Amino acid sequence: MCGRYLLYSSTDVLARAFGLDPTDRPNLAPRYNIAPTQDVPIVRLGEGRRRLDRARWGLVPSWAKDLAIGTKMINARSETAHEKPAFRQAFRARRCLVPADGFFEWTSENKVKQPWLLEPAAGGPIAFAGLFEHWRSPEGESVQSCTILTTDASADIQHLHHRMPVILAEASFDRWLEATVDEARPLLCPAPVGTLRARQVDRRVNAVKYDDPSLIEPAPVQASLL
DNA sequence: CCAGACGTTGTT
DNA sequence: GTCTGG
DNA sequence: CCAGACGTTGTT
DNA sequence: GTCTGG
């Protein structure tokens, strides 16, 4: 699945990779530990162009009574999202790309949770397939939110998990953003073997309060082994 | 009919 | 809002 | 996803 | 054990 990710590419790099309007250059702080409920950049169609927008990670359906439901909607199964009450309207009309430079998965041994970084072997950034939704609170507060679609893990990362985020190739962006449901669904499949490489990273990643480049520097040799 | 869920993952 | 379960 | 809270009353 | 917050 995908419950924590990174996005540190510059706005210029994102603009080139995602074909954004040249005037669309918001300042983005580099992020090394993005967690659910936080605001993240998404790429969506607006006025015929691909625009960077912001959305709270964890989709809040339009009928929700409060924001809390979003914490349960950080991922959507790509096999069923088009028919689920929480996601199907977004699947029909509000698909997006979620830019990333990698994501984290965890292994657990003797109750020690060890994070791994999965990053694009060819260099980033990459595009997760996403959905977004608009919600208005009883008090009139307006919130845009999003979710990341998941699929079976490709062979190269199955030793870490059996699900992974859907990663779209650039050639698929237009179809994902614009095509019909039936045309878009076949795009939701595991990334080709070799797309990602995995390496252990600092366990500080577990705590969302840490968010800096040192989190993904190569792990130091364990002193206890010397 | 009304009430309550609406989700994913992993583990048992 | 819409579906499921009782 | 993981970490941290999980509660009330009264007082500052 | 389960929920909430980030």
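Report on the accompanying structure.

Analysis parameters
- Residue numbers run consecutively from 1 along every chain, following the written order of its sequence.
- By the order in which they are written, chains take letters starting at A while ligands take numbers starting at 1.
- Reporting of local features is limited, given that this is a predicted model, to residues whose pLDDT is at least 70; pairs of side-chain atoms are given and counted only at 80 or more, and all residues count toward the totals for whole chains, interfaces and linings.
- Derived side-chain values reflect all non-hydrogen atoms in the structure, with water molecules and hydrogen atoms excluded from consideration.
- Salt bridge, as used here: a side-chain nitrogen of Lys or Arg that lies within 4 Å of a carboxyl oxygen of Asp or Glu.
- Runs of H or I in DSSP of at least four residues are treated as helices and runs of E of at least two as strands, each being numbered from the N terminus.
- Here's how the labels work: a residue is buried when its accessible area is under 20% of the maximum for its type, exposed when over 50%, partly exposed in between, all with a 1.4 Å probe on protein chains only.
- We define proximity as follows: a residue is near a molecule or strand when any one of its heavy atoms falls within 4 Å of that partner.
- Polar contacts, as used here, are pairs of N or O atoms within 3.5 Å; protein pairs need one atom able to donate a hydrogen and one able to accept it. Residues neighboring in sequence count only if both atoms are side-chain atoms.
- When residues are sorted by character, Ala, Val, Leu, Ile, Met, Phe, Trp, Tyr, Cys and Pro go into the nonpolar class, Asp, Glu, Lys and Arg into the charged class, and all the rest, Gly among them, into the polar class.
- By nonpolar core we mean a set of buried residues, namely Ala, Val, Leu, Ile, Met, Phe, Trp, Tyr and Cys, connected to one another through side-chain atoms within 4.5 Å.
- Whether two residues touch is decided by their heavy atoms; if any such pair falls within 4.5 Å, the residues are in contact.

### Some points on the pattern of salt bridges
Logical step 1: Under the counting rule described, the total for this entry stands at 13 salt bridges.
Logical step 2: Note that D12 is salt-bridged to R25, the shortest N-O span being 2.6 Å. Of this pair, D12 sits in helix α1 (residues 11-18) while R25 sits in the loop between α1 and β2 (31-34), and the two are 13 residues apart along the sequence.
Logical step 3: Residue class for D12 comes out partly exposed when judged on its relative accessible area of 47%.
Logical step 4: A salt bridge links R163 to D152; the nearest nitrogen and oxygen atoms lie 3.1 Å apart.

### Quick look at the protein's contact with DNA strand D
Logical step 1: As a structural note, the neighbourhood of DNA strand D is formed by M1, G3, R4, P36, I74, W106, K113 and N206.
Logical step 2: Backbone atoms, meaning sugar and phosphate, make up 74% of the atoms of DNA strand D lying within 4 Å of the protein.
Logical step 3: Within the side chain of R4, one N or O atom sits 2.9 Å away from a sugar or linking oxygen of DNA strand D.
Logical step 4: Measuring from a phosphate oxygen of DNA strand D, one finds a side-chain N or O atom of N206 at 3.4 Å.
Logical step 5: When grouped by side-chain class, the residues that make up the surface near DNA strand D number four nonpolar, two polar and two charged.

### Notes on the nonpolar core
For soluble globular proteins, the rule of thumb is that nonpolar side chains tend to be buried together.
Logical step 1: One finds Y5, L97, F103, F128, L149 and W176 to be the most contacted residues of the largest nonpolar core, which totals 61 residues.
Logical step 2: Counting residues per element, this core draws most heavily on strand β9 (residues 126-136), at seven residues.
Logical step 3: If we ignore the near neighbours within four places in the chain, the residues touching L149 are A76, S78, A81, A129, L131, M164, P165, V166, W176 and L188.

### With respect to unusual backbone geometry
Logical step 1: The peptide bond linking G124 to P125 adopts the cis configuration, its omega dihedral lying at 0 degrees.
Logical step 2: Examined against the element boundaries, P125 turns out to sit in the loop between β8 (112-120) and β9.
Logical step 3: Notably, T37 is not glycine yet its phi reads approximately 80 degrees, a positive angle.
Logical step 4: On the basis of relative accessible area, T37 is assigned to the partly exposed category, the value being 35%.

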